[in-house]
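Topology and contacts: notes
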Amino acid sequence: MNLQRPNWASISSQLSKFEKNFYVEAPSVASMTEAEADEFRKHQHIAVLQGRNVPKPIRTFEEAQFPDYIMQTVRSQKFERPTAIQAQGWPCALSGRDLVGLAETGSGKTLAFVLPVIVHINAQPFLQPGDGPIVLVLAPTRELAVQIQEVCNTFGVTSKIKNTCVYGGVPKGPQIRDLSRGVEIVIATPGRLIDMLEGGKTNLRRVTYLVLDEADRMLDMGFEPQIRKIMDQIRPDRQTLMWSATWPKEVKALAREFLSEDMIQINIGSMDLAANHRVTQIVDIVQEYEKRPKLMKLLETIMDGGRILIFTQTKKGADQLQRALRGEGWPALAIHGDKTQQERDSTLAEFRSGRSPIMVATDVAARGLDVKDVRYVINYDFASTAEDYVHRIGRTGRAGATGTAYSFFTSGDFKLASKLAKVLAEAGQEVPPQLHQFAVMSKASGGPKNSFRGRGYRPSGGSYMPPSSYSSSGSSYPSSSSGSASHYGPSASSRPSSSAVPGALPQAAVPAYGMYPAYGAASTSYGAYPAVGVVNPYAYGAAAGATSASSAVRRY
Ligand SMILES: Nc1ncnc2c1ncn2[C@@H]1O[C@H](COP(=O)(O)OP(=O)(O)OP(=O)(O)O)[C@@H](O)[C@H]1O
Ligand SMILES: [Mg+2]
């Protein structure tokens, strides 16, 4: 079935009214002067780049005036205070405003949109049979969609909000079943969602709160046609929120098409492309052939039991590197788009649990993934855009932690030298002199054209021969790392349990955590590498649960 775009202009009077402004300032916020609000913003590096009547920031969780049923869960997380993006993002999102929220990797953007989601849903009429979701969250990868779902589960549990994840690579049946039983939140990757819409398995007529996580990725050329198709199905007076750590100029105009004129844009920290400052960035200019031995040496130095995420450019490269690592006795798994969903799930679960502390990945793992205690990110192959670089290294140093990123940079990457040098300088990191020389060459060759929107762009490996002075810079690795608000609508208890909603799926039956089903299944997939258990008994044998004992992780 081909999706028809409803003529929104002609049916606007028939659309049911809905509430999207739930925000009532706490007395302590109301009494803040504009000057005090600005002072707080300055202190938190919050810049309001666009928007009229922007609400004042909140300074504590209490000031956001979330209802008790949300605050219970917030308290259980033991967070000290809202992050800057939450402090300014929550009042904007709760006020029903369209928002572009830009803040560094690992700074709590997920909760910045998830808590208002719950408030929004609880203020809407209950789902009726045949209704689609009230909230749609779009994300670029299945793993990120599932992770967002888990945050929705954690914070939505007290109000019995139901959700499902819709993504490709797995059978449609269970997703169709969830959709037909009725869920308030759908978290989706675009392709599978369009399949579901075209198949008439769900509809977006009730969507009034739309989130684009990793919004610049969702709006880049790879996803744009799909995003347009999806947007066409959603009433234009919805609330739209876009989030990312990067916002290249190529997507700005397109983003505006999907946002109301009354939108707000907030930016935490640098206005330019910027990496998380708690990540120590080390760039090693190398020749292609040096990468493998250098990586092995680096691992010897840094492996201390913490998780290490290694990025390659291609799926084949990821597989080859995984094999090489395992050949040397390192307990490495690989994740990329050619793996089955079960393999992807089990690999990520092994990495998250720490049972397998080294994960080799393509850019499927570059954005959004929040894995505790990733200490090192290694760019074995450099990223294809400077934005991707920022996201990749943002897998470490999250939620206030510190981390280290090592990047191999070859002559083939020279077009990104200038942008990388800027990112390094902005974060107060050392810029290798050769990077400057590459940057000069890049300018002479016209610079990186459309490096973001094009995505496919990457200088072909060996086509550029570097002058001999660009050969290996020697080792640059240090020996260790651096370090009850009634205005929110019905309370949780007044919301019917799912069984009270006709046709609704009981909460427990939603495949919430089922996305990481079987560690048992995981072990079967290791059968392909029978030798590993012999080479390195740590990884798949005795060491489950022993990951923090650094001695256990050293190769035998
Ligand atoms: N107020 C807070 N205080 C401390 N930790 C928090 C707070 N809010 C969220 N976190 C934690 O911070 C971590 C990172 O959050 P999140 O994944 O939302 O980051 P992000 O900004 O979306 O990053 P990315 O750009 O990489 O997607 C999570 O583990 C989350 O639980
Ligand atoms: Mg995120």
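Here the structure is a predicted model, which is why all the values come from computation and not from measurement.

In the vicinity of ligand 1, 20 residues are found, and the nearest of them are Gly-106, Lys-109, Thr-110, Asp-370 and Arg-398. Within the side chain of Gln-86, an N or O atom sits 2.8 Å from a nitrogen atom of ligand 1. Within the backbone of Ser-107, one N or O atom sits 3.0 Å away from an oxygen atom of ligand 1. For ligand 1, whose free accessible area comes to 640 Å², the fraction covered by protein is 88%.

Right, let's get into the packing of helix α5 (residues 84-94) against helix α6 (residues 109-122). Contact geometry of α5 with α6 gives a least axis separation of 9 Å together with a crossing angle of 30°. Classified by the interaxial angle, the pair formed by α5 and α6 is roughly parallel. Crossing angle aside, the handedness with which α5 passes α6 is right-handed. On the side of α5, the interface is formed by Ile-85, Gln-86, Trp-90, Ala-93 and Leu-94, while α6 contributes Lys-109, Leu-111, Ala-112, Leu-115, Pro-116 and Val-119. Looking at the contact of α5 with α6 residue by residue, the class counts come to nine nonpolar, one polar and one charged.

Turning our eyes to something else, we now look at helix α17 (residues 417-426). Turn by turn, an α-helix covers 3.6 residues, leaving residues three or four places apart pointing in a common direction. Along α17, the residues classified as buried are Ala-417, Ser-418, Leu-420, Ala-421, Val-423 and Leu-424. Considering only its buried residues, α17 is in contact with β9 (279-285), α16 (386-393), β14 (403-409) and α18 (433-444). Count one or two residues on from α17 and you reach Gly-428, which has phi positive near 70°.

Right, let's get into the pairing of strand β10 (residues 307-311). Summarising burial for β10: five of the five residues are buried, a large majority. Burial of the side chains of β10 extends over both faces: Arg-307, Leu-309 and Phe-311 are buried on one face and Ile-308 and Ile-310 on the other. Bridge analysis of β10 against strand β13 (residues 374-379) gives five bridges, and the strand direction is parallel. When the bridges of β13 are listed, Ile-308 appears paired with Tyr-376. Looking at chain direction, β10 and strand β12 (residues 358-361) are connected through four bridges and run parallel. Following the sheet pairing, Ile-308 is matched in β12 by Ile-358.

Right, let's talk about the confidence of the model for the chain for a bit. When pLDDT is averaged along the chain, the result is 83; 80% of the residues meet or exceed 70. Ignoring residues within four places in sequence, the model shows residues 449-556, a span with pLDDT below 50, making 218 contacts including any to other chains.

The next point concerns the sheet that holds strand β4 (residues 163-166). As summarised here, the arrangement of the eight strands in space is β1-β8-β2-β7-β6-β3-β5-β4, forming an open sheet in which the pairing is mixed. Only two strands of the sheet have a single partner each, and these edge strands are β1 (46-50) and β4. The mean angle between the axes of side-by-side strands here comes to 15°, regardless of whether they run parallel or antiparallel. In the sheet, strand β6 (residues 209-213) pairs with strand β7 (residues 239-244) via five bridges, with the strands oriented parallel.

Applying the stated rule across the entire model yields 30 salt bridges. Two residues, Glu-80 and Arg-81, come together in a salt bridge whose shortest N-O distance is 3.1 Å. Residue Arg-81 is classed as exposed on the basis of its relative accessible area, which comes to 52%. Its salt-bridge partner being Glu-350, residue Arg-355 comes within 3.4 Å of it at the nearest N-O pair. Each member of the salt-bridge network shares a partner with another, and the members are Asp-304, Arg-307, Asp-373 and Arg-375.

Turning to the sheet that holds β10, a few remarks are in order. Spatially, six strands are ordered β9-β14-β13-β10-β12-β11 in an open sheet, and the strand pairing comes out parallel. Each having just a single partner strand, β9 and β11 (332-335) make up the two edges of the open sheet. Across the sheet, the mean angle from the axis of one strand to that of its neighbour is 20°, orientation sign disregarded. With four bridges joining them, β11 and β12 adopt parallel strand pairing. Of the residues in β12, the one forming a bridge with Ala-332 is Ile-358. Lying on the sheet, α16 is in contact with β9, β10, β13 and β14; it crosses β13 at an angle near 155°. Each of β9 and β14 is contacted by α17, which is oriented at about 145° to β9, the strand it contacts most.

The next thing to look at is the side chain of Asp-98. If you trace the backbone, Asp-98 turns up in the loop between α5 and β2 (99-102). For the buried residue Asp-98, which engages in no salt bridge, the nearest side chain bearing the opposite charge is Lys-20, 5.1 Å off. Engagement of the side chain of Asp-98 in a polar contact is seen with the backbone nitrogen of Thr-240, the distance being 2.8 Å. Engagement of the side chain of Asp-98 in a polar contact is seen with the backbone nitrogen of Ser-260, the distance being 2.8 Å.

A few words on the packing of α6 against helix α7 (residues 142-156). The interhelical angle for the contact between α6 and α7, taken along N-to-C directions, is 45°, at an axis separation of 10 Å. One finds that α6 runs oblique with respect to α7. Crossing handedness for the pair α6 and α7: right-handed. Here Thr-110, Leu-111, Phe-113, Val-114, Leu-115 and Ile-118 of α6 come into contact with α7, specifically with Ile-148, Val-151, Cys-152, Phe-155 and Gly-156. Residue composition of the contact of α6 with α7, by class: nine nonpolar, two polar and no charged.

It is worth spelling out the pairing of β2 at this point. Of the two faces of β2, the one lined by Leu-99 and Gly-101 and the one lined by Val-100 and Leu-102 are each fully buried. Where β2 and β7 come together, four bridges link them in parallel fashion. Among the inter-strand pairings, Leu-102 is bridged to a residue of β7, identified as Ser-244. Note: β2 against strand β8 (residues 264-268), four bridges, orientation parallel.

The nonpolar side chains of a soluble globular protein tend to be buried, and buried together. Ranked by internal contacts, the top residues of the largest apolar core, which has 59 residues, are Phe-66, Trp-90 and Leu-115. The element contributing the most residues to this core is α6, with nine residues. If you look at the next biggest cluster of nonpolar residues, it comprises 36 residues, including Leu-348, Val-364, Val-371 and Val-423.

So, how was this worked out
- Residues numbered from 1 in each chain as written.
- Chains lettered and ligands numbered in written order.
- Predicted model: local features only at pLDDT ≥ 70, side-chain atom pairs only at ≥ 80, totals over all residues.
- Heavy atoms only, no water.
- Near = heavy atom within 4 Å.
- Polar contact = N/O pair within 3.5 Å; in protein donor to acceptor, adjacent residues only side chain to side chain.
- Areas by Shrake-Rupley, 256 points an atom, 1.4 Å probe, with all protein chains shown as cover.
- Axes fitted to C-alpha atoms, helices over the stretch in contact; angles between N-to-C directions.
- Helix = DSSP H or I, 4+ residues; strand = E, 2+ residues; numbered from the N terminus.
- Parallel < 35°, antiparallel > 145°, perpendicular 65-115°, else oblique.
- Left-handed = near helix turned anticlockwise from the far one by under 90°.
- Contact = heavy atoms within 4.5 Å.
- Nonpolar A, V, L, I, M, F, W, Y, C, P; charged D, E, K, R; others polar.
- Buried < 20%, exposed > 50% of the residue type's maximum accessible area, 1.4 Å probe, protein only.
- Pairing = 2+ DSSP bridges.
- pLDDT = per-residue confidence, 0-100.
- Salt bridge = Lys/Arg side-chain N within 4 Å of Asp/Glu carboxyl O.
- Lys, Arg positive; Asp, Glu negative; His and termini not counted.
- Core = buried A, V, L, I, M, F, W, Y, C linked by side-chain atoms within 4.5 Å.

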